[in-house]
Structure formats: C-alpha cells, structure tokens
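Residue-level listing of the chains:
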Amino acid sequence: MELDDVNSITVLGAGNMGHGIAEVAALAGYDVVLRDINEEFVQNGYDQIEWSLGKLAEKDQMTEEEADAALERVTPIVDLGEAVADADVVVEAVPEKMEIKKEVYGELEEKAPDHTVFATNTSSLSITDLSEVTERPEQFCGMHFFNPPVRMPLVEVISGAHTADETMDLVEGLAESMGKTPVRVRKDSPGFIVNRILVPLMNEAAWIVHDDAATVEEVDSTTKFDIGLPMGSFELADQVGIDVGFHVLEYMHEVLGDAYEPCPLLAEKVENENLGKKTGKGFYDYDNGGVDIPT
Ligand code: 3HC
C-alpha cells in the first residue's frame, strides 16, 4: 500500500494518547474511527478532542471551521469489527500491558482487512513480540507519539524483527503527512530512544524525593529552570500518567536490569490511583492549585 491509498485510520484506545492521535490524524484530513471498549470511554475521548480543538481555535492556531471539520472526521465506535472494517491503518493505543495488547491483536487479526497496517503506540514493549500474535508481522511496526500528541512534533517509528521496509516507509510518510517529524528506531529495544532517556529521569527524580534529598518542588524547579527542560520531572510524570511511566520502568527493569528498578514512590501513587492530571491528582493536586514550581 502507498501513502496515497491511506484514507481511513482507526485508533484503538480513546485514552490520553489515543484521543490525541485521533485528533492529529483528523487534523491531517484522514477519516478517523476512535474505538474503545465502552461508550463512556469512547465518548470521553471524543469530548477531549472537542476540548483540545476548541482550545487550539481559541488560541488562533486554527480557525473554528478547521476545528469543526476535524471533529466531523472523527467517528466514535465501540464494536471492534465495525471500527476496523474500512481501516487502512490501525494505530493501537490500548493500556501498556503485554497481555492486554496481545489479546487485542488476536481479535484484530480476525477482524481487520488483509491490507491493513498495524502500528502500535506502545511506549516500550517489544514490537516483535506483539507482531508475532498476528499473521502479518511484516505489516506491523511501532508508531510512538508523545504526550500531548497535538503539541509534540516527534514520532518514533520502530521496526520489529519482521517489519517490511515498505511498512516503515509508509508509516514514516504517514507521520510526516500529520505534520510530525518521524525518527526511525532501528532496533526494537525497551523504551526505544525517548523513554529510555525520559522514564529513568522521572524515576531518578522519585528516588531523590524517596531518599529525602529534596522535595518534589525543589527537584522540579531544578529540572525546569536550571537544567532547562520544558517541564519539571514530576510535572512531566503527571502529564504522561504515573502509571504509564511505571509500567515502562517495570518492563525496562525486567529486560535491562536493576538500574531501572522503579522507585516505591511511583508504585505507591499507582496503587492509590493518583496517576497525575488524568485522575486530578498525582505529584500535584489539580483540584487545588495544580503545578506550582518555585523559580
Ligand atoms: N490540546 C490543546 N491545548 C492544550 C493541550 C492539548 N492537548 N494540552 C495543553 N493545552 C493547553 C493548556 O491548557 C494551556 O492552555 P492555557 O494557556 O489556556 O491554560 C496551554 O496549552 C499551555 O501551552 P503553552 O504553549 O502556553 O505551554 P508550553 O509552552 O509550556 O507548552 C508543552 C506546553 C508543549 C506541553 C510543553 O510544556 C512541553 O513540551 N512539555 C514537555 C512534554 C513532553 O516531554 N512530552 C513527552 C513525554 S514522554 C511521552 O509522552 C512518551 C510516553 O510513551 C510516556
């Protein structure tokens, strides 16, 4: 399949990343299906796209007409068969658990047309292992967006052991057509490039606080105003979801060894469902002032 043949994109998972990816695809002019396992999840994702497009129009980053047209291109659907019936490309952004993703790919393989390319937005899991659940591992690669997708220009395009060059070319072209800058990751290794750097940063920040060496605010102030990253380490963890970072770390720990041991502070947040912005509370409390980093 050539890039010109891609008209319809289905995004599986309407969460933080899924709805953002659907928004980016709709803004690029594709027909988009947003799918999740129940009406509530799918509607929530759709509402967040509407909010984000409204915000971009409010800030003059597009016209109201462009925002409305993009929203009209998004169709929320729960039934998987219906959601993928016309899909040229499926971008999968379901929870970051190997067993959940494998189950989804088992079902997807039966329901998607033969020509459909599968692209996983996994943050770290093995593209090769996931591709082997399907009967089309050569039509399978990683397409990893960053949070928030509508604002972050980078997309990692990751080759699994069986991925065909044509699939890599197609998905790189697709990312470019969405106005993104793709970076080709040649080896399927945990965390790829960005998370291999960023997730240990969040973990080390947590260990510093766990060891009582500094407070959350002090670490964030140093990260943001002295090191010069756009967000503090904890602010970033709250933005991407503490659970997402934690699951990436668990996987990196398992595959790459003890240097990646997740800090108990992260485990505690996950256990208490204080996952960051999406639950209203993480390292910061978003119902009570939100992020407050001293300069
Ligand atoms: N859509 C529309 N508007 C949005 C938005 C979205 N999805 N998300 C935030 N905004 C709005 C905010 O509501 C705010 O609006 P307000 O001013 O009316 O309150 C505004 O955007 C803030 O934008 P600004 O341009 O004023 O702020 P910044 O210049 O600080 O930019 C940023 C925001 C682009 C998010 C910047 O802080 C940044 O680059 N942060 C780093 C993010 C990052 O590193 N992401 C990657 C994480 S790793 C990852 O995702 C991988 C995963 O696998 C773990």
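What counts, and at which threshold
- Residues numbered from 1 in each chain as written.
- Predicted model: local features only at pLDDT ≥ 70, side-chain atom pairs only at ≥ 80, totals over all residues.
- Buried ≥ 20, exposed ≤ 12 C-beta atoms within 10 Å, placed from the backbone.
- Helix = DSSP H or I, 4+ residues; strand = E, 2+ residues; numbered from the N terminus.
- Pairing = 2+ DSSP bridges.
- Right-handed = clockwise from strand over helix to strand, strands pointing away.
- Near = placed C-beta within 6 Å.
- Nonpolar A, V, L, I, M, F, W, Y, C, P; charged D, E, K, R; others polar.
- Domains from an automatic or database assignment.
- Contact = placed C-beta atoms within 7 Å.
- Core = buried A, V, L, I, M, F, W, Y, C linked by C-beta atoms within 7 Å.

Caption draft 1: Structural view of the pairing of strand S4 (residues 89–92). Residue alternation in S4 divides its side chains into two sets, Val89 and Val91 and Val90 and Glu92, and both sets are buried. One ladder, built from four bridges, connects S4 with strand S5 (residues 117–120); its direction is parallel. Bridge pairing in S5 places valine 89 opposite valine 117. Each parallel crossover has a hand, and the one from S4 via helix H5 (residues 98–111) to S5 is right-handed.

Caption draft 2: Local environment of the site of the ligand. Around the ligand, 17 residues are found, and the nearest of them are Ser52, Ser123, Asn147, Pro148 and Pro230. Of all the secondary-structure elements, those providing two or more residues to the shell around the ligand are helix H2 (39–58), helix H8 (194–210) and helix H10 (233–240). Ranked by residue count, the leading element in the shell around the ligand is H2, at three residues. Residues belonging to the shell around the ligand are distributed by class as follows: 11 nonpolar, four polar and two charged. Of the domains in this structure, domain 1 (3–185) and domain 2 (195–279) are the two that each give at least three residues to the shell around the ligand.

Caption draft 3: The arrangement of the environment of isoleucine 77 in detail. Residue placement: isoleucine 77 occurs in strand S3 (residues 74–77). Residue classification places isoleucine 77 among the partly exposed positions, given that 16 C-beta atoms sit within 10 Å. Separated by 91 residues in the primary sequence, isoleucine 77 and methionine 168 have C-alpha atoms spaced 28 Å apart. Here isoleucine 77 is in contact with Val33, Arg35, Glu82 and Ala83, once residues within four sequence places are set aside.

Caption draft 4: Layout of the nonpolar core. In terms of nonpolar packing, the biggest core is built from 81 residues, with Val11, Ala25, Val32, Val90 and Val171 touching the most fellow members. If you count residues domain by domain, this core takes at least three from each of domain 1 (3–185) and domain 2 (195–279). Look past the residues within four positions of alanine 25 in its chain and what remains in contact with it is Ile9, Val11, Tyr30, Val32 and Met178.

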